[in-house]
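Given next are the chains, with one letter for each unit.
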Amino acid sequence: MVNMDNVISFEKISKWPESKKGLLYIICISMILKAFLFASDSVINNDGLLYIAAAQDFAAGHFKEGLSEFPMPFYSLLIAIVHFLIPDWAAAARVISVTFIVFTLIPLYLMTKELFDRKAAFWACLAFTLAPFPNSLADDVIRDPGFIFCTAWAVYFALRSSQSPKIILFTATAFFSLVSILFRIEGIILILFFPTYFLVLSYMKNQERAPLLKGALLFIVIPLLLVIVFSVCRFNDTVSFNRSDDIYAEFQNLFKIEFLNNYHDLSEQLEILIQSSPFPGFKNNFAEIAKHYIPVIYFLGLTETLIVNLFPLFIIPLFFSFKEPIKIKHVFVIGVLLVFILLAYYFLLKRDFLTSRYISIPALLIYPWVGVGIQRLYEYLSKTISKKGFAALFLLLF
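What comes next is a walk through the structure.

Reading the values: the criteria
Residues numbered from 1 in each chain as written. Predicted model: local features only at pLDDT ≥ 70, side-chain atom pairs only at ≥ 80, totals over all residues. Heavy atoms only, no water. 1 Å grid on protein atoms, 1.4 Å probe; cavity = no way out; pocket = protein on both sides within 12 Å on 5 of 7 lines; lining within 4 Å. Points joined across faces, edges and corners; volume = space filled by probe spheres on them. Helix = DSSP H or I, 4+ residues; strand = E, 2+ residues; numbered from the N terminus. Nonpolar A, V, L, I, M, F, W, Y, C, P; charged D, E, K, R; others polar. Axes fitted to C-alpha atoms, helices over the stretch in contact; angles between N-to-C directions. Parallel < 35°, antiparallel > 145°, perpendicular 65-115°, else oblique. Contact = heavy atoms within 4.5 Å. Core = buried A, V, L, I, M, F, W, Y, C linked by side-chain atoms within 4.5 Å. Buried < 20%, exposed > 50% of the residue type's maximum accessible area, 1.4 Å probe, protein only.

Turning our attention to empty space enclosed by the protein. For the structure shown, the criterion picks out two cavities of 30 Å³ or more. Taken as a whole, the largest cavity holds about 100 Å³ of empty space. In terms of lining residues, the largest cavity is bounded by Asp-144, Phe-147, Arg-184, Glu-186, Phe-340, Leu-343, Ala-344, Phe-347, Arg-357, Tyr-358, Ser-360 and Ile-361. Only helix 10 (144–163), helix 19 (328–351) and helix 20 (360–381) provide two or more residues apiece to the lining of the largest cavity. Per-element tally for the lining of the largest cavity: the top contributor is helix 19, with four residues. Considering only residue class, the lining of the largest cavity consists of seven nonpolar, one polar and four charged. Around the second largest cavity, the lining residues are Phe-128, Phe-133, Pro-134, Leu-137, Ile-148, Asn-309, Ser-360, Ala-363, Leu-364 and Tyr-367. Elements supplying a minimum of two residues to the lining of the second largest cavity: helix 9 (132–138) and helix 20.

We now examine the packing of helix 10 against helix 12 (residues 188–204). Here helix 10 crosses helix 12 at 10°, and the two axes come no closer than 11 Å. Judged on the interaxial angle alone, helix 12 and helix 10 are roughly parallel. Where helix 10 abuts helix 12, its residues Thr-151, Ala-154, Val-155, Ala-158, Ser-161 and Ser-162 lie against Leu-190, Phe-194, Tyr-197, Phe-198 and Leu-201. Split by residue class, the contact of helix 10 with helix 12 holds eight nonpolar, three polar and no charged.

We now examine the nonpolar core. Core analysis: the biggest nonpolar cluster contains 113 residues, and Ile-79, Phe-194, Phe-198, Phe-332, Val-336, Tyr-367 and Val-370 have the highest contact counts within it. If one sorts the elements of this core by residue count, helix 19 sits on top with 13 residues. Ignoring anything within four residues of it in the chain, the contact list for Tyr-367 reads Leu-108, Ala-124, Ala-127, Phe-128, Ala-131, Pro-134, Asn-309, Leu-310 and Phe-314.

In structure tokens form, the structure reads like this:
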């Protein structure tokens, strides 16, 4: 006869959000879900073929040829290393993506717990586990899972550093910030934003001014060293690592306002459409309205991409999270989120396109608020419907 005490009851499951083992349960759920994705026979994306080709060159000892395939070698080197354990190149690359996405749950859980509480952290991680976009990244041969993983840890340690300024926390923040750049050059935003925030915070917290200034100094030294290394690579015609030329070119475009060239070209095209209107002498035709509101239209497109990336139904719990009072620690994470949104908006204005993965970090940093919103929904609905009814509703919607 089955011992009912050994059966996992719903009552036990309902206590997972407040359990210290909640993160472990979510990681297990994520691993099971990713195992089904990994078993599927998915087609490798074009970028993935490029990374694997570079990894094959590195594995054969042809380092310069590998760099010619793609100038950011870190991800391809990881594939080459894992390939020694997993003979299939595509499988080795996908294992890296799955591992990074699954274990991003750890910094996300810790970050949300620091911002709110353990229950919100559980729901935030469960939402991240079930959301379509992170799962699509886990099934791809792409650099973004590693970038998301490192950025999540960097933001968490920076958050902890602002609460308890210790050199070990500043060092961990700097480490993950630097490694994030090895995956995507957008990680340089962390190197610029963190010291600025620590400097501002040092003037707000007189008692902790000295350690915060030391932490900020650590981040000031790092960019200087990077500038020296990139300058040597650029002016001495040595091999360009991590697209240092691209970083230099982007700063030039920024200071020369050249990133608005596409905006001006689009305005000229819309002006031609205005003249070709059936009634060109009248105001407020579509082309004229579109010309006046190009920045707004771009921002609407960016917002739509962010919502799709996050998962549209998560807007519901996000709305319930607004009742949570804003504290300094929340302002920090929101600040990082807004900086990455500005970066995405900059690229959208410059390139006239934006893919979902360019907005992955803002989506990630919204999940803590999604988590606290789901917790509030759970507490509210549990008063009107049964907990089993809420669980069924959650599974049906998400």
